[in-house]
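For reference, the chains in residue letters:
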Amino acid sequence: MHRRRRTALLFTAAIVAAGPLLTACGSDAHPGAAAVVGGQRITVAQLEKRVSEVRTAQRSAVKDEAQYQQAVAQTGTLTRDTLHGMVLDEVLKRAARDADVTVTRKEIQQMRTGLEQQVGGSKALETAWLQQYGVAPERLDANLRLQLEAQKLARSLGTDTGKPPFWNALGKASKELEVDLNPRYGAWDVQKSSRVDAKTPWLREVTAPATRGTA
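Residues numbered from 1 in each chain as written. Predicted model: local features only at pLDDT ≥ 70, side-chain atom pairs only at ≥ 80, totals over all residues. Heavy atoms only, no water.

**Details of the side chain of Arg112**
The topology assignment puts Arg112 in helix H5 (residues 105-119). For Arg112, a relative accessible area of 11% gives the class buried. When residues no more than four places from it in sequence are discounted, the contact partners of Arg112 are Ser122, Leu125, Glu126, Leu140, Asp141 and Leu144. (Helix = DSSP H or I, 4+ residues; strand = E, 2+ residues; numbered from the N terminus. Buried < 20%, exposed > 50% of the residue type's maximum accessible area, 1.4 Å probe, protein only. Contact = heavy atoms within 4.5 Å.)

**Here's the deal with the packing of helix H2 (residues 44-61) against helix H4 (residues 78-98)**
With their axes 10 Å apart at the nearest point, H2 and H4 run at an angle of 115° to one another. Two packed elements cross with a definite hand, and for H2 against H4 that hand is right-handed. Residue-level inspection shows Gln46, Leu47, Arg50, Val51, Val54 and Arg55 of H2 in contact with H4, the latter providing Leu78, Thr79, Thr82, Leu83 and Met86. Tallied by class, the residues present in the contact of H2 with H4 amount to 6 nonpolar, 3 polar and 2 charged. (Axes fitted to C-alpha atoms, helices over the stretch in contact; angles between N-to-C directions. Left-handed = near helix turned anticlockwise from the far one by under 90°. Nonpolar A, V, L, I, M, F, W, Y, C, P; charged D, E, K, R; others polar.)

**Focus: the nonpolar core**
In terms of nonpolar packing, the biggest core is built from 31 residues, with Leu83, Val87, Val91, Phe166, Leu170 and Val179 touching the most fellow members. Breaking this core down by element, the ones donating at least two residues are strand S2 (33-37), H2, H4, helix H7 (140-156) and helix H8 (164-177). Per-element accounting of this core gives the leading share, 8 residues, to H4. Formed by 12 residues, the second largest nonpolar core is a distinct cluster that contains Leu115, Ala128, Leu140 and Leu148. (Core = buried A, V, L, I, M, F, W, Y, C linked by side-chain atoms within 4.5 Å.)

**Some thoughts on the pattern of salt bridges**
Counted according to the given criterion, the structure contains 13 salt bridges. The partner of Arg105 in a salt bridge is Asp141, with the nearest N and O atoms 2.9 Å apart. You can see Arg105 sitting in helix H5 and its partner Asp141 sitting in helix H7, a full 36 residues away along the chain. On the accessibility criterion, Arg105 (47% relative accessible area) is partly exposed. Note that Asp160 is salt-bridged to Lys163, the shortest N-O span being 3.7 Å. What emerges from the salt-bridge pattern is a single network uniting Arg105, Arg112, Glu116, Glu126 and Asp141. (Salt bridge = Lys/Arg side-chain N within 4 Å of Asp/Glu carboxyl O.)

**Things to note about H8**
Here H8 is 14 residues long and its end C-alpha atoms lie 20 Å apart, about the 20 Å a rise of 1.5 Å per residue gives. Within H8, the full set of buried residues consists of Phe166, Trp167, Ala169, Leu170, Gly171, Ala173, Ser174 and Leu177. The first or second residue beyond H8 is Glu178, which carries a positive phi of 50°. (Expected span 1.5 Å × (residues − 1).)

**So, the environment of Ile42**
Relative to the helices and strands, Ile42 resides in strand S3 (residues 40-43). The exposure class of Ile42 is buried, given its relative accessible area of 9%. Between the C-alpha atoms of Ile42 and Gly32, which are 10 residues apart in sequence, the distance is 8.7 Å. In contact with Ile42, not counting residues within four places along its chain, are Ala33, Ala34, Ala35, Val37, Leu83, Met86 and Val87.

Printed below as a string of structure tokens:
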């Protein structure tokens, strides 16, 4: 596998399923917020919209009802994973800014073209990202920007995205941004720049039909 693609896939996998200094915000302090990052709210409505995009794409890609329900079951933590990605996106942006790392539209297009050539076209790439990482087609370019920011940040640090110096940089950015999650969605591990499930057994994630825009 091409090294650039391998790095991109590894970092995407880390975004979607990273393992567990926790921060958790109370819903009373931030009503309607799924998270607060750098003083900016990620609202529950924004989160539900992102999840709805994925569910709609899954429904479009899988016509058979049984297969669709299987796809939903396989992505049962989609809401929490999506929030994790949204928060990590902001953390990475801060870390990249701190390191004077920028990504151009041309670089994103070059990366996308290279990946499309490897998997067999634009549609095949969109399907792969949807199935493997829960990224809706309309969010693919934004996700590729995330991959490039991660790779360029790692290179600027003389490391790669799997090594401690990279994650230390994200941890520093997490602290700067004072990442604050609604306990419904877990808590934020500052050291690992990752969401971790809080011990709240009375809260459970409910998967609703795609038209409801929740998971």
